[in-house]
Every structure is written in structure tokens, then in C-alpha cells.
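Working through the structure, step by step
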Amino acid sequence: MSRAYKVAVVGATGAVGRQMVECLEERNFPVAELKPLASERSLGRTVSFRGEELPVEVLTRESFAGVDLALFSAGAAVSREYAPIAVQAGAVVVDNSSAWRMDPDIPLVVPEVNPGDIGLYQKTGIIANPNCSTIQMVVVLKPLHDAATIKRVVVSTYQAVSGTGQKAVEELADQVRALFNNQEVVTKVYPHRIAFNVLPHIDVFLENGYTKEEMKMVYETKKIMGDDRIEVSATTVRVPVFYGHSEALNIETERKLTPERARALLAEAPGVKVVDDPGKNRYPMPLEAAGQDLTLVGRIREDFTIPNGLNLWVVADNVRKGAATNAVQIAEILVRDYL
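Description of the structure in this document. (Residues numbered from 1 in each chain as written. Predicted model: local features only at pLDDT ≥ 70, side-chain atom pairs only at ≥ 80, totals over all residues. Heavy atoms only, no water.)

Below, the discussion takes up the environment of Ile-85. Checked against the element boundaries, Ile-85 lands in helix H2 (residues 76-88). Here the alpha-carbon distance between Ile-85 and Ser-63, two residues 22 residues apart in the chain, equals 9.2 Å. (Helix = DSSP H or I, 4+ residues; strand = E, 2+ residues; numbered from the N terminus.)

Bringing the pairing of strand S6 (residues 69-72) into the picture now. Alternating positions in S6 separate into two faces, Leu-69 and Leu-71 on one and Ala-70 and Phe-72 on the other, with burial throughout. Note that strand S1 (residues 5-10) and S6 share 4 bridges and pair parallel. The partner of Val-9 across the bridge, within S6, is Leu-71. Note: S6 against strand S7 (residues 92-95), 4 bridges, orientation parallel. Paired with Leu-71 across the two strands is Val-94, which belongs to S7. Taking the sense of rotation as the criterion, the β-α-β connection linking S6, H2 and S7 turns out right-handed. (Buried < 20%, exposed > 50% of the residue type's maximum accessible area, 1.4 Å probe, protein only. Pairing = 2+ DSSP bridges. Right-handed = clockwise from strand over helix to strand, strands pointing away.)

What follows deals with a nonpolar patch on the surface. A cluster of nonpolar side chains, contributed by Tyr-283, Met-285 and Leu-287, occupies part of the molecular surface with about 320 Å² of accessible area. On the secondary structure map, Met-285 appears in the loop between strand S12 (272-274) and helix H7 (286-289). (Patch = residues over 30% accessible without salt bridge, like charges linked within 9 Å, V, L, I, M, F, W, Y side chains within 5 Å. Areas by Shrake-Rupley, 256 points an atom, 1.4 Å probe, with all protein chains shown as cover. Salt bridge = Lys/Arg side-chain N within 4 Å of Asp/Glu carboxyl O.)

For helix H6 (residues 259-268), the complete set of buried residues consists of Pro-259, Ala-262, Leu-265 and Leu-266. Take H6 and look down its axis: the buried residues cluster within an arc of 125°, on one side only. Away from its buried face, by an angle of more than 90 degrees, H6 presents the exposed residues Glu-260 and Glu-268. (Arc of directions from axis to C-beta.)

Our focus in this paragraph is unusual backbone geometry. Not every positive phi belongs to a glycine, and Asn-28 is a case in point at roughly 55°. Accessibility expressed as a relative area gives 58% for Asn-28, which makes it exposed. Not every positive phi belongs to a glycine, and Arg-299 is a case in point at roughly 50°. Its place among the elements puts Arg-299 in strand S13 (residues 295-302).

Shown next as C-alpha cells:
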């Protein structure tokens, strides 16, 4: 990283965009100039970076002049319109939306799993950041797949409201306050009250009975792991937690993996921290994962109903590793090896 880069963050005032800016600063990314971009609603706001308050600029077709790298977190519609414009202006795009994830010409990357795919960006100039729930799952699956070949994964998620965005965070907080003060509970973001409730519904329902979020986990896992033979069955659930997604994984492998061997493999895996001491009430929790970039795994135990089965509990900060940090890690490899 001998040079510094002009970096644009699209959606800089959103929850993930703000975290992207923080990650760029925390990780000492070689930024020569930071350009925060957002919609007209954010005009007049600022973003803090390296002790300065940078004015947020309105995103336009001319926003990417001179930009080397553009991190997008403003939704699929914005990415579909503006990512090609950024590429045409000379930038490489790392996109956090769902717009490009399943495009066969665009790499879908988790740096701990498939960093070699980053080089494929040269075909389109775009790299896709996976879905938050998929990221933390494949970070844990990768070392186990390499050791014993995963045949099937059944995953149930317990996803924080921040995965929906800042308005959902505010809605949960408002509903809790309203309930404790005997006031009317207002529901805008979700179809039902989220405070002290659980919604087995993330994204829209599809004709097959699954939600779009569930099918994202199916398709993205196969693409990232580079193995279409891995079968994935997902149930995604929204829970009244502000930050940190949790997942219960049931894994079936071709070769036997004992819990002890799985713990040893995961203890050595990049980006993973094993938290697994039930006798001392030590297991991964969203409160512990919030604010850090590691994916926590625990409750590692054998599934006695099948010959080669394991159960695991996986937790990560969905705004950091599930979104912003993963994007910045991709950018770090880009500037180290390609730009």
C-alpha cells in the first residue's frame, strides 16, 4: 500500500455507510481523500473522519470524477444505477447491496473464504459484498468444508433489527419506550410489533414458501464456497436485538468431524473466535459480538441423529463483519494486490 486513494462512500449517512467510514479510519486504510455521498435528504450533514467533519455531497452522475475506489451501501436500486457510472469514471466498486451478488460475471467475496475471486473484478469493475447472514456462516463453514466436505447445512437465524436499517433500530427503541410507558405502539418498518416479539419473516415471501433472505443464503453460500453440491436450507427470523446476528447451524459432512477437531480447526481459522465453555456459561452472544469484527462460534456438539453431523452456534456484528468491515477488507486486498 505505497500510495493513497480517493475513496467515495455512497450512502455515507446510513448505518452501514457510517460504519464503513469508521472502519476505513480504524484500519488505517490509505485514504488520500474521502468523499461522502448520499441522497438530497442528507444535504447539510457531515461525516467525521480523522478528526475532520466532512460535508456530505449529493450523489450525482458526476460524483466519481477522480475516485479510485467506491464503497456502496445505499440499496440495490442506487447500486444498479450508479455503480456502472462509477466504474466508467475509473473507480473500482465494492457494493454492499443485493444488486450484483448473483451476477455470474461479478465476484461475491468474503476475504477469509475466497480472496482469490477478488481478481475477477477486472471484468466489470465491481465486487459484491454478500448478505450479512451469509458472511458469518461461510466464515465458519470454510475450514470445516476443507477438512471434511460439507454436504448439507440447515440454518436458523436470529437477526438483529439493524439488518433492516436505522429506522428499524429506532422503531424497536420507540416501541420499547411506548410499552413501558403504557403508550400506543406504532409499527411502520415491520408488519408486526418487533418489541418483545419474534418475526419469522425477513424480506419478501417467494412462491416456494421461502423468503428472499432465506434463498439469498442458499445461493450465495454455493457461489462463495465455490461448490454447488452444498445443500442449504434456511429459516431467517427477526428478533428484538439491536446489533448482532445469531445463527444455529446443523451441518452434515462426508467425513467424520468430532467436536474436538472442529474446535481445533475453527480456533485456527482466520476471522473466527471460538467461545465454547458451557460449564462456565461461555458461548457466543450478540452483546459480546457487537463492536468487533470476529465471528464467534460455540455450542459445538455432535448431532447424534446422523453419522457425520455437527451443531454450532454462530454470532457476529452484522453491521461490521456482516457489511462494512467485509467491504473494507475486500478493499484492502484490492489495493494490496491489484490497484
